[in-house]
Every structure is written in structure tokens, then in C-alpha cells.
Amino acid sequence: MRGVYLLTCAVLLCGVHGRLRNSTDSSGILQPSGDPLIRGSSASGGHRTRRRRYISQSDMVAILDYHNQVRANVFPPAANMEFMMWDNDLARTAEAWAATCLWEHGPAYLLQFYGQNLSVRTGGYQSILQLVKPWYDEVNDYVFPYPHLCTPRCPLLCYAPMCTHYTQMVWATTSRVGCAVHTCYNMFVWGAVWREATFLVCNYSPKGNWIGEAPYRVGVPCSACPSSYGGSCSNNMCFPAVQSNYMYWFK
């Protein structure tokens, strides 16, 4: 039976200078954050063929619900956690990048505006959450950085090589997400060609993982919501004062 492999990758940004920093996979191998390759095959040394795999409604709902479930149940509890909503503009940018089948973050010119988590899997999957849950699983290696620990290592207090997928998921002021999933027939992933790899890209706004900052403020849930939320609280999260008939926001 064909083996199943899964890797994840996250953008780590510096809040002081706004620099894009290097990212690592779960093995701790540093990858350069140079200009992305949008066309052609120079990154893989050969031609890549691929087919588009649009994200389904059920996958979209599963990803969004899972993020909000994680955000609602952080420990220690968050005083300013914002309810996360779906953004079609972010999903479109994620779709464009996923279609390149490049195992790197990009495009570089947009990463100054949003955060990004990546996941790739080969061997098939039964649920899209199989590509998302490894981001959350980093919580097992994460130490919440209380304010007196937050200079300059926050949010890097992690016993493992990487915890920034998790911190992006629970970054309190990151209130929008949009994702895309594609199947890449030939995808070059850190030295090997993966056949029929499922590539998930999630873009986040406003971006998180700013060095020197904790992902959220500790306190009674919803006790430090932004004033623009009008004091509305739902499931331990600051909820928009202006609501529609839908739980998800589409742009």
C-alpha cells in the first residue's frame, strides 16, 4: 500500500521590521524565503503537470468551524479572541498559489499583507481536517508566552522546531481566512517528487506571528473585545456587532 506523507509549513513574520523570515517543516529543516516561482519548472528541475481541485462547500465549512473551535477553547483563555470568518478574496489568492504546486510560501509581494499556512499530503485523505489538524497539534509543544517572557522570543516559545502554524490559527486579531486545495500530479517537496499530492493553502488576515507579541491577551473571554464589536460575545469569542443571516462572511 502506498505510504502516506504529510508536511506543513508556515510564514513567520517580524512585527518590528515587517521582514519575511525563514520557515521550517516539522523536521526543523530551514527553507529560504526567496522570491517565489510562479511559472515554469526551475524549482523542481522539470515540468510539473497539475489539475485544479476547487475547495468544496463542506471542506470550507469544516476548515472554518475547526479554526473557531480551536480559537474558542485556547488555554489559558483569551480575553480578545475574535470570531473567524471566511473571506473569498483570501480564498482566491490561496487558489492562485495552490495552482502553482510550489512547496514554498508565496507570492512574496502579498505575504506582507497576510499570513499563510501550508500543508501537503500524498496517499489520499478522508477529511480535509487531516491536513489542518497537524497545525493545531503543535499546541502540544507550545508554551504560552506571558508578557514578561515576550521580549523578544514571543511567539517562539516552543519545544519543537515549529509552532507558528498553531499561533497563526489562534492569533486573536486574525479574523478572516480563505483556503484552497489542489491535487498536484508532480510536486517537488524538499528533494523528492510527490505524485498526486494534495496541497492545502490557507491565507489569513490580518496576519499574525509578529515577533515580540503573544497571539492573544489572557483574561476572561470577551473582556477585551475591540470597541467595534459592540460588546457582542459568542462561544468565548468577540462577535461582530453587525450580523447577517449567515455564520460565515463572504466577500
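Looking at an unreviewed UniProt entry, one finds the protein named Peptidase inhibitor 15-like and attributed to Sphaeramia orbicularis. Here is the UniProt Subcellular location (unreviewed entry) comment for the protein, exactly as written: "Secreted". UniProt, in the comment section headed Sequence similarities (unreviewed entry), describes the protein in these words: "Belongs to the CRISP family."

> I tried to follow the state of the cysteines on my own but got confused; where do I start?
Here is the idea: a disulfide is a covalent bond, and it sits between the sulfur atoms of two cysteines. In total, this model carries five disulfides according to the counting rule given. The side chain of Cys 101 participates in a disulfide bridge whose partner is Cys 184; the two sulfur atoms lie 2.0 Å from each other. Residues Cys 101 and Cys 184 share a disulfide whose torsion about the S-S bond is about -90 degrees; that sign makes it left-handed. Linking Cys 101 in the loop between α2 (88-98) and β6 (115-122) with Cys 184 in strand β7 (residues 176-189), this pair joins segments that are 83 residues apart in sequence. Residues Cys 101 and Cys 184 agree in their burial class; the two are buried. A disulfide bridge connects Cys 222 with Cys 233, and the sulfur atoms are separated by 2.0 Å. Residues Cys 222 and Cys 233 share a disulfide whose torsion about the S-S bond is about 70 degrees; that sign makes it right-handed. One end of the pair, Cys 222, is in the loop between β8 (192-205) and β9 (233-234); the other, Cys 233, is in strand β9, and eleven residues separate them in sequence.

> How do you make sense of helix α3 (residues 129-137) when you look at a structure like this?
Residue pairs three or four apart in sequence face the same way in an α-helix, which turns once every 3.6 residues. Of all the positions in α3, only Leu 129, Leu 131, Val 132 and Trp 135 are classed as buried. Buried residues of α3, viewed axially, fall in a sector of 155 degrees; they line one side.

> Can you walk me through a nonpolar patch on the surface in this structure?
Judged by side-chain polarity, Tyr 146, Leu 149 and Val 218 come together as a nonpolar surface patch covering roughly 240 Å² of accessible area. Looking at where Val 218 falls in the secondary structure, it is placed in the loop between β8 and β9. Among the residues examined, Val 218 registers a relative accessible area of 40% and is labelled partly exposed.

Criteria and thresholds
- Residues numbered from 1 in each chain as written.
- Predicted model: local features only at pLDDT ≥ 70, side-chain atom pairs only at ≥ 80, totals over all residues.
- Heavy atoms only, no water.
- UniProt positions renumbered as here; feature names shortened; annotations may be inferred.
- Disulfide = S-S within 2.5 Å.
- Helix = DSSP H or I, 4+ residues; strand = E, 2+ residues; numbered from the N terminus.
- Buried < 20%, exposed > 50% of the residue type's maximum accessible area, 1.4 Å probe, protein only.
- Arc of directions from axis to C-beta.
- Patch = residues over 30% accessible without salt bridge, like charges linked within 9 Å, V, L, I, M, F, W, Y side chains within 5 Å.
- Areas by Shrake-Rupley, 256 points an atom, 1.4 Å probe, with all protein chains shown as cover.
- Salt bridge = Lys/Arg side-chain N within 4 Å of Asp/Glu carboxyl O.

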